[in-house]
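Remarks on the overall topology
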Amino acid sequence: MFTLLVIAAGIVAAYLLLHLMVLKLPKCKSNVQLHGKVVIVTGANTGIGKTTALDLARRGGRVILACRDKRRAEEAILDIVKETGNREVVFMPLDLGSMQSVRSFAENFLKSEPRLDILINNAGLMNGGQTVDGVGMIFGVNHLGHFLLTLLLLERLKESGSSRVVTVASKGYEFGCIDFSCIDSHKDLGLGDSDWNLFEKYCHSKLCNILFTHELAVRLQGSNVTCYSLHPGAIKTEIGRYARFWWKCVMTPITALFFVDAVSGAQTTLHCALQEGLESLSGRYFSSCSVQEVQAKAKDDKAARKLWEASERLCGMS
Ligand SMILES: NC(=O)c1ccc[n+]([C@@H]2O[C@H](COP(=O)([O-])OP(=O)(O)OC[C@H]3O[C@@H](n4cnc5c(N)ncnc54)[C@H](OP(=O)(O)O)[C@@H]3O)[C@@H](O)[C@H]2O)c1
Ligand SMILES: *[C@@H]1O[C@H](CO)[C@@H](O)[C@H](O)[C@H]1NC(C)=O
């Protein structure tokens, strides 16, 4: 009995130590204020997007929550206004799974907002199915919608001085690859809708986020706009909410024990959006508030250009 207690205490202590040493993520150190600045955060009604928007609002920025669900967005706005006292937090409808919606969002935004200082491409999902344009859902929302959104807002970013585009990718990109023939034939990154297929497509889409940022930096040379991609950490959010039962059975205990809260999950996004002096690192990938090397496939110039061109074609821009 006593031995069992000692073992149990040992396990608890080891776990707490692990939490303190490994699972604790660094905080964004910048104390930049954002009065007079305009920021867009996609998918800001929950998870990492919400904690990111809250921090930016606390710094005095005008924060646009670009979300697909009005009710969920307005609930988040109530929370953010209550917590920060900043009333310049507004909802603008954006469904990244519809190119028409992305275009309307951009039109709305460009009409009503004279500047754009920070664009945060944060929204993401792991669901099956297709977008209204017949593009694979994961590729369509995680990559293509953000690609189109960024391009439509690029002029405003350039006009606004030293502005930034921050795209939330994932370390899961390491499991990703990009099948261009599948994109051409099926407007998707892969076929199949099993849990495993969805996870694979998710990793492919996160590789797209990093390659997009890599190519965008090249195209932005000579402007004052810079861009960054990042891994937020393993974070407790709603991202698994549509997963099937058995996947939840596997992930729930792992998440409960090893994933950290969404405030920690926002820190690397905030670092990329705010930290002074990052400009020379445009196009790079960050994790734990510092720049990281990526695998060769995530900085492959040819693949990045090819993905850009395929994305333009799918968005009807070439
Ligand atoms: N959680 C992690 O451990 C982790 C790890 C690595 C990377 N990431 C990345 O972090 C980002 C944020 O994810 P999260 O973990 O915070 O997940 P989350 O809690 O599920 O939040 C995702 C957000 O994206 C929005 N969204 C989904 N589809 C959309 C669409 N078609 N149009 C507009 N918005 C849409 C969701 O809106 P609704 O509420 O309307 O669905 C929600 O606001 C994602 O890019 C994800 O890939 C997360
Ligand atoms: C970039 O910013 C610098 C310093 O503010 C300015 O002199 C320069 O004209 C800007 N360049 C472009 C292309 O806007």
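Further up the page is the structure itself.
Everything quoted here is computed from the prediction, not taken from an experiment.

Turning next to the state of the cysteines. Using the criterion set out here, one finds zero disulfides in the structure. Distance from the sulfur of Cys 272, which forms no disulfide, to the nearest cysteine sulfur (Cys 289) is 7.8 Å.

It is worth spelling out the pattern of salt bridges at this point. One pass over the structure, following the stated rule, counts 21 salt bridges. When the shortest N-O distance is used, the salt bridge between Lys 50 and Asp 79 registers 2.7 Å. In this pair, Lys 50 sits in helix H2 (residues 47-58) while Asp 79 sits in helix H3 (residues 70-84), placing the two residues 29 residues apart along the sequence. Residue class for Lys 50 comes out partly exposed when judged on its relative accessible area of 22%. The shortest N-O distance in the salt bridge between Lys 171 and Glu 174 comes to 3.1 Å. Taking relative accessible area as the criterion, Lys 171 reaches 43% and is therefore assigned partly exposed. A relative accessible area of 29% means that Glu 174 is categorised as partly exposed. Through salt bridges with shared partners, a single network forms among Arg 62, Glu 88 and Glu 113.

With that out of the way, let us pick up the site of ligand 1. Close contacts around ligand 1 come from 31 residues, with Arg 68, Asn 122, Tyr 202, Ile 235 and Thr 237 the closest. At a separation of 2.5 Å, an oxygen atom of ligand 1 approaches a polar side-chain atom of Tyr 202. Between ligand 1 and Lys 206 there is a distance of 2.9 Å, counted from an oxygen atom to a side-chain nitrogen or oxygen. Surface burial for ligand 1 is 96%, taken as the share of its 900 Å² of free accessible area covered by protein chains. Secondary-structure elements contributing two or more residues to the shell around ligand 1 are H2 and helix H7 (195-219).

What follows concerns the packing of aromatic side chains. The tally for this structure, following the rule as stated, stands at ten aromatic pairs. On the basis of an interplanar angle of 80° and a centroid distance of 5.0 Å, the ring pair of Phe 147 and Trp 308 is categorised as edge-to-face. Here the residue Phe 147 occupies a position in helix H5 (residues 137-159), and Trp 308 occupies one in helix H11 (residues 301-314), the gap between them amounting to 161 residues. According to the relative accessible area criterion, Trp 308 is buried, its value standing at 5%. For the ring pair Tyr 228 and Phe 286, a centre distance of 5.8 Å and an interplane angle of 80° mean the geometry is edge-to-face. Remark: Phe 286 occurs in strand E7 (residues 285-287) and Tyr 228 occurs in strand E6 (residues 226-231); sequence separation between them is 58 residues. As far as burial versus exposure is concerned, Tyr 228 and Phe 286 are alike and both buried. Through a chain of ring-to-ring contacts, the aromatic side chains of Phe 175, Trp 196, Phe 199, Trp 246 and Trp 247 assemble into a single cluster.

Attention now moves to the pairing of strand E4 (residues 118-121). Residues Ile 118 and Ile 120 point to one face of E4 and Leu 119 and Asn 121 to the other, with burial holding for every one of them. When E4 meets strand E5 (residues 164-168), the two strands line up parallel, connected through four bridges. In the strand pairing of E5, Ile 118 is matched with Arg 164. Handedness of the crossover joining E4 and E5 through H5 is recorded here as right-handed.

What counts as what
Residues numbered from 1 in each chain as written. Chains lettered and ligands numbered in written order. Predicted model: local features only at pLDDT ≥ 70, side-chain atom pairs only at ≥ 80, totals over all residues. Heavy atoms only, no water. Disulfide = S-S within 2.5 Å. Salt bridge = Lys/Arg side-chain N within 4 Å of Asp/Glu carboxyl O. Helix = DSSP H or I, 4+ residues; strand = E, 2+ residues; numbered from the N terminus. Buried < 20%, exposed > 50% of the residue type's maximum accessible area, 1.4 Å probe, protein only. Near = heavy atom within 4 Å. Polar contact = N/O pair within 3.5 Å; in protein donor to acceptor, adjacent residues only side chain to side chain. Areas by Shrake-Rupley, 256 points an atom, 1.4 Å probe, with all protein chains shown as cover. Phe/Tyr/Trp six-rings, centres within 6.5 Å; stacked < 30°, edge-to-face > 60°. Pairing = 2+ DSSP bridges. Right-handed = clockwise from strand over helix to strand, strands pointing away.

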